[in-house]
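Now for the letters of each chain:
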Amino acid sequence: QAATRGDGETGEDVTHTVGTIASIPRRLRGIAAPVLEVRGEVFMRRDDFEALNERQRAAGAKTFVNPRNAAAGIVRQLDASVARQRPLSFYAYGLGEVEGWPLPTSHHATLDALAALGVPVSDERAVVQGAAGLAAFHARVAALRDALPFDIDGVVYKVDELALQQRLGFKSREPRWAVAHKYPAQEQSTLLRDIEVQVGRTGKLTPVAKLEPVFVGGTTVSNATLHNLFELRRKGVRIGDTVIVRRAGDVIPEVVGVLPQPRRVYVPNFRMPTHCPACGSDVVRGHGETDHRCSGGLYCPAQRKQALLHFASRRASDIEGLGEKLVDQLVEGGIVRTLPELYKLGIAKLAALERMADKSAANLVAALERSKATTLARFLYALGIRHVGEATAKALAQHFGNLDAVLDAPLQRLLEVADVGPVVAQSIRSFFDQPHNREVIEQLRAAGLHWAEHEGVPPSASSSAPLPLAGQSWVLTGTLPHLTRDEAKALIEAAGGKVAGSVSKKTHAVVAGSEAGSKLDKAQALGIQVLDEAALLALLRQVGVALPGDASN
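Enquirer: I keep staring at the packing of aromatic side chains and nothing clicks. Help me out?
Expert: For any two aromatic rings, the description comes down to two numbers: the centre-to-centre distance and the angle of the planes. As enumerated under the stated definition, the model contains six aromatic pairs in all. Look at Y91 and F150: their rings are 5.7 Å apart centre to centre, the planes differ by 85 degrees, and that puts the pair in the edge-to-face class. Pair noted here: Y91 is in strand 2 (residues 89-99) and F150 is in the loop between helix 6 (130-144) and strand 3 (154-158), with a separation of 59 residues, a long-range link. Ring pairing ties together the aromatic residues F43, Y91 and F150, which thus form one cluster.

Enquirer: Hey, could you run me through the layout of surface pockets in this one?
Expert: If a probe as big as a water molecule is rolled over the atoms, it shows which places are left empty. The calculated volume of the second largest pocket comes to roughly 780 Å³. Forming the walls of the second largest pocket are 31 residues, and the residues nearest its centre are T202, R293, Q303, R386 and F431. Among the elements of the structure, strand 11 (292-294), helix 9 (301-312), helix 17 (422-433) and helix 18 (435-446) are those that each provide at least two residues to the lining of the second largest pocket. With five residues, the top contributor of residues to the lining of the second largest pocket is helix 17. Residue classes in the lining of the second largest pocket are distributed as 11 nonpolar, 15 polar and five charged.

Enquirer: I tried to follow helix 14 (residues 390-400) on my own but got confused; where do I start?
Expert: Looking only at helix 14, the buried set comprises E390, T392, A393, A395, L396, A397 and F400. Remark: G401 follows helix 14 within two positions and exhibits a positive phi of approximately 85 degrees.

Enquirer: Would you explain the sheet that holds strand 13 (residues 498-500) in this entry?
Expert: Sheets are built from strands paired through backbone hydrogen bonds, the pairs being either parallel or antiparallel. Reading across from one edge, 13-12-14-15 is the order of the four strands in this open sheet, with parallel pairing throughout. Both outer strands of the open sheet, strand 13 and strand 15 (529-531), are each paired with one neighbouring strand and no more. With strand direction ignored, the average angle separating the axes of adjacent strands in the sheet is 35 degrees. Against the sheet, helix 20 (residues 485-494) contacts strand 12 (473-477) and strand 13, and its axis sits at roughly 165 degrees relative to strand 12. Contacts between helix 21 (residues 518-526) and the sheet are confined to strand 12, strand 14 (507-512) and strand 15, with strand 12 contributing the most and set at about 135 degrees to the helix.

Enquirer: How should the pattern of salt bridges be read in this particular structure?
Expert: Where charged atoms of side chains with opposite charge meet at close range, the side chains can pair. Taken as a whole and judged by the stated rule, the model has 33 salt bridges. Among the ionic pairs, E231 bridges to R234, the shortest N-O distance being 2.9 Å. Within this pair, E231 and its partner R234 are both found in helix 8 (residues 229-235), separated by three residues, close to a single helical turn. Looking at E231, the relative accessible area reads 23%, which means it is partly exposed. A salt bridge links R413 to E416, with the shortest nitrogen-to-oxygen separation between them at 3.3 Å. Looking at R413, the relative accessible area reads 26%, which means it is partly exposed. Among the charged side chains, a salt-bridge network with shared partners connects E97, E99, R485 and K519.

Definitions and limits used
- Residues numbered from 1 in each chain as written.
- Predicted model: local features only at pLDDT ≥ 70, side-chain atom pairs only at ≥ 80, totals over all residues.
- Heavy atoms only, no water.
- Phe/Tyr/Trp six-rings, centres within 6.5 Å; stacked < 30°, edge-to-face > 60°.
- Helix = DSSP H or I, 4+ residues; strand = E, 2+ residues; numbered from the N terminus.
- 1 Å grid on protein atoms, 1.4 Å probe; cavity = no way out; pocket = protein on both sides within 12 Å on 5 of 7 lines; lining within 4 Å.
- Points joined across faces, edges and corners; volume = space filled by probe spheres on them.
- Nonpolar A, V, L, I, M, F, W, Y, C, P; charged D, E, K, R; others polar.
- Buried < 20%, exposed > 50% of the residue type's maximum accessible area, 1.4 Å probe, protein only.
- Pairing = 2+ DSSP bridges.
- Axes fitted to C-alpha atoms, helices over the stretch in contact; angles between N-to-C directions.
- Contact = heavy atoms within 4.5 Å.
- Salt bridge = Lys/Arg side-chain N within 4 Å of Asp/Glu carboxyl O.

What follows is the structure, encoded as structure tokens:
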């Protein structure tokens, strides 16, 4: 089986496309573990990329600019035949869930063990000591960079001892035991033709450089960000200058600076507009902030489009078929002005739009109907609150348990949520203090959007008192007699606990089923409490959690 990483916990089943990758073995050598989750990276080699473009040219089809663009999205293709036409490769870089297989004690031993099983692993790896060793490895790979069969933009340093990795733990988006050391970005010079202002989803106004097209970092660049007015002034950029453009990996192209040469005529400094170029609303800049913002909110067409696209995105409401071109038609035609109006769309109105027909219109209406059943975390993320990403939305949902508690939470309560600091808390509070945002939320509820409130936790526990397992880290291992792994995890998380993938000194308890593996052994060695399924359910009932099948439900 194969899955994407998704949101870090739940991904998409992509077994059908990953099965086309020739370098992934169909059977491992000398292992019969019941569970072995290998994590790694899918990429396209340069020689496979060149061969693909040769086939594209022979067929009179469009060629690809670089291997990254050619490989993008292929793993998530519904049609495996498309993946077969674009040969992909795979390198493993670590492990996820493992049961019934003795875990190595170090990262390098893990990669060696995977290679011995027949799993492809990069040969360009080494164990070094200290900063000097890291710098020497970085320089050695830099010398090999052009000769490698694939593109890279840096190397990654990792703490080798797995026990130390566990002690260091993770931030919300990355481990504390690994860091990327990039190579200098590729740069080119070109003419700055004009500066335009782009209005983003959150209302931020960004000056964008309109460039004489230039090939840099594997793609042709004609637009590059200037970030904000203060960065633009600091770099001394003016229309008509020859500027240096940089692009590294998948980073948005940016203007780094200006080539020092005299200007033939006087060119005034660029000034940010006082009114939004999309809706005419006042442009404001908060005290101490560098960004200028449109005050039009959801009334601004530019923000409206991006708000709709964000709301419909896969990790938000997941409305399949609601893409950029369709959103353009809906907004520009005045058909949809607010998020709730999406749920008033009918087949007849959609079918009359460009590139739409009865079947595609019916599919979109069905997707809209399916999106009404969501989760509180997804709904909060879909609202597009500034600074609230997936991890923060999930933390808010788990901490408060219901939407009304989030809507009315004072700053102090918001600051109690994991990963929420003063800036994020103020952004959340400001968003929910706006009457038109409250109105949109109530209209979405009236349109039928719903989710499980409290997820097994009594309202009193979620709204006025800490959740019973708050602050506790739990680990699941083995096969439970009645609950699936996901069901057990959901119950623990609903009670405020966090389910981790590995056992450490910080683990509160381990729930063990049949064929429990090394996690159980480690828990016993550390003296950590071990429960079976019955004991877990009894504990949850004792602290007032309503369980599936209980008479009180």
